[in-house]
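Secondary and tertiary structure notes
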Amino acid sequence: MIRILVVLLTVGAIDAAACIHCAYTASIVGANAIAGNVFLPAPAGEKFVKSKSATAVYQLKNSTFYMDPKQWTALKDSVPNPAIDHQFEHADGNMRGMLLSFKEFMPMDEFIEGFLNGMKEDAPNAQVVERRNVTVNGMPMVEIVIELPTPNATIMYYGYIYSGSKGVCVALGMCQRELYMEVKPTLGAFAAGLVVESAVKPTSTTSTSKKKK
């Protein structure tokens, strides 16, 4: 079932991205080569928090997402995609965002592999170009960058993935590859709106043993 969800998510994402970036159509030849552009990751273990301007609230199956309503607009699909909780478009029309969640736990490596394999059903050259452990709004997550070549353009996905006791949830921003370095901070601010509350309540450290007389 998870694989089906991944495939559905990917198909919707490719169609949306190709439509948004039709004015920026580029040849897949050359754009698919990472060597020309070096994406420098920030130090591992970096902490991110949601923006104070992210005041619009959207519920996922296992988490909450906060978005800046002045920068992003929620989209309504003509054909709803069950794999996607919400989709958004940036005010300038050159970026989109998407949210995905499900309550079933899946190990991080297994989820990323399945997610990428789902993308490869339609884009065989899709690949993870960056991955590192970070903390987002107090919870450990993985920051990920995926490059997905399509017939019209190469799309970059950037965002955060949580996998834990609440299940799995993902916040991803995407744009055309040539825009990526310029708009990465905006995509990052979008994805940082993902808030997962810990399911583990802290236990008391107070001893209940009685003092000996």
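Residues numbered from 1 in each chain as written. Predicted model: local features only at pLDDT ≥ 70, side-chain atom pairs only at ≥ 80, totals over all residues. Heavy atoms only, no water.

**Some points on the sheet that holds strand 6 (residues 95-102)**
In spatial order, the strands read 1-7-8-9-10-6-5-4; together these eight strands make up an open sheet with mixed pairing. Only two strands of the sheet have a single partner each, and these edge strands are strand 1 (47-48) and strand 4 (72-75). Sheet topology note: the strand 9 (residues 154-164)/strand 10 (residues 167-176) ladder contains 10 bridges and is antiparallel. Along strand 10, the bridge assignment pairs Ser 163 with Val 168. Each of strand 6, strand 7 (127-136), strand 8 (139-149), strand 9 and strand 10 is contacted by helix 3 (residues 108-120), which is oriented at about 20° to strand 8, the strand it contacts most. Along the sheet, helix 4 (residues 180-191) makes contact with strand 4, strand 5 (86-90), strand 6, strand 7, strand 8, strand 9 and strand 10, crossing strand 10 at roughly 150°. (Pairing = 2+ DSSP bridges. Helix = DSSP H or I, 4+ residues; strand = E, 2+ residues; numbered from the N terminus. Contact = heavy atoms within 4.5 Å. Axes fitted to C-alpha atoms, helices over the stretch in contact; angles between N-to-C directions.)

**Considerations on the sheet that holds strand 3 (residues 64-67)**
Here three strands make up an open sheet; going across it, the order is 2-3-11 and the pairing antiparallel. With one partner strand each, in any of the chains shown, strand 2 (56-59) and strand 11 (194-195) form the two edges of the open sheet. Two strands pair when backbone bridges link them, and strand 2 and strand 3 are joined in this way by four bridges, in the antiparallel orientation. Opposite Val 57, over in strand 3, you have Tyr 66 as the bridge partner.

**Some thoughts on the environment of His 90**
Tracing the chain through its elements places His 90 in strand 5. A C-alpha to C-alpha distance of 9.0 Å links His 90 and Lys 70, two positions 20 residues apart in sequence.

**Points about the pattern of salt bridges**
This model, assessed by the stated rule, comprises five salt bridges. Across the salt bridge formed by Asp 85 and Lys 61, the nearest N and O atoms sit 3.1 Å from each other. Of this pair, Asp 85 sits in the loop between strand 4 and strand 5 while Lys 61 sits in the loop between strand 2 and strand 3, and the two are 24 residues apart along the sequence. The exposure class of Asp 85 is buried, given its relative accessible area of 18%. Looking at Lys 61, the relative accessible area reads 39%, which means it is partly exposed. Here the salt bridges do not stand alone but share partners, grouping Glu 46, Arg 132 and Glu 143 into one network. (Salt bridge = Lys/Arg side-chain N within 4 Å of Asp/Glu carboxyl O. Buried < 20%, exposed > 50% of the residue type's maximum accessible area, 1.4 Å probe, protein only.)

**What to know about the packing of aromatic side chains**
Taken as a whole, this structure holds 10 aromatic pairs when the rule is applied. Seen from their ring centres, Phe 48 and Tyr 160 are 5.4 Å apart, and the 40° between their planes marks the pair as tilted. Separated by 112 residues along the polypeptide, Phe 48 in strand 1 and Tyr 160 in strand 9 bring together distant segments of the chain. You can call Tyr 160 buried: its relative accessible area is 0%. On the numbers, 6.0 Å between centres and 45° between planes, the contact of Phe 102 with Phe 111 is tilted. The same class applies to Phe 102 as to Phe 111, namely buried. Counting every residue linked through ring pairs, the aromatic cluster contains Tyr 58, Phe 65, Trp 72, Phe 88 and Phe 190. (Phe/Tyr/Trp six-rings, centres within 6.5 Å; stacked < 30°, edge-to-face > 60°.)

**Re the pairing of strand 2**
Within a regular strand, side chains alternate between the sheet's two faces. Covered by surrounding structure in strand 2 are Ala 56 and Tyr 58 only, the residues Val 57 and Gln 59 on the alternate face being uncovered. Here strand 2 hands over to strand 3 after four residues, the two strands then running antiparallel side by side.

**Structural notes on the environment of Tyr 66**
Of note, Tyr 66 is situated in strand 3. Taking the relative accessible area as the measure of exposure, Tyr 66 reaches 24% and is therefore partly exposed. Distance in space between the C-alpha atoms of Tyr 66 and Thr 55 is 6.0 Å, their sequence separation being 11 residues. Excluding its chain neighbours within four sequence positions, the residues that come into contact with Tyr 66 are Lys 50, Ala 54, Ala 56, Val 57, Gly 193 and Val 195.

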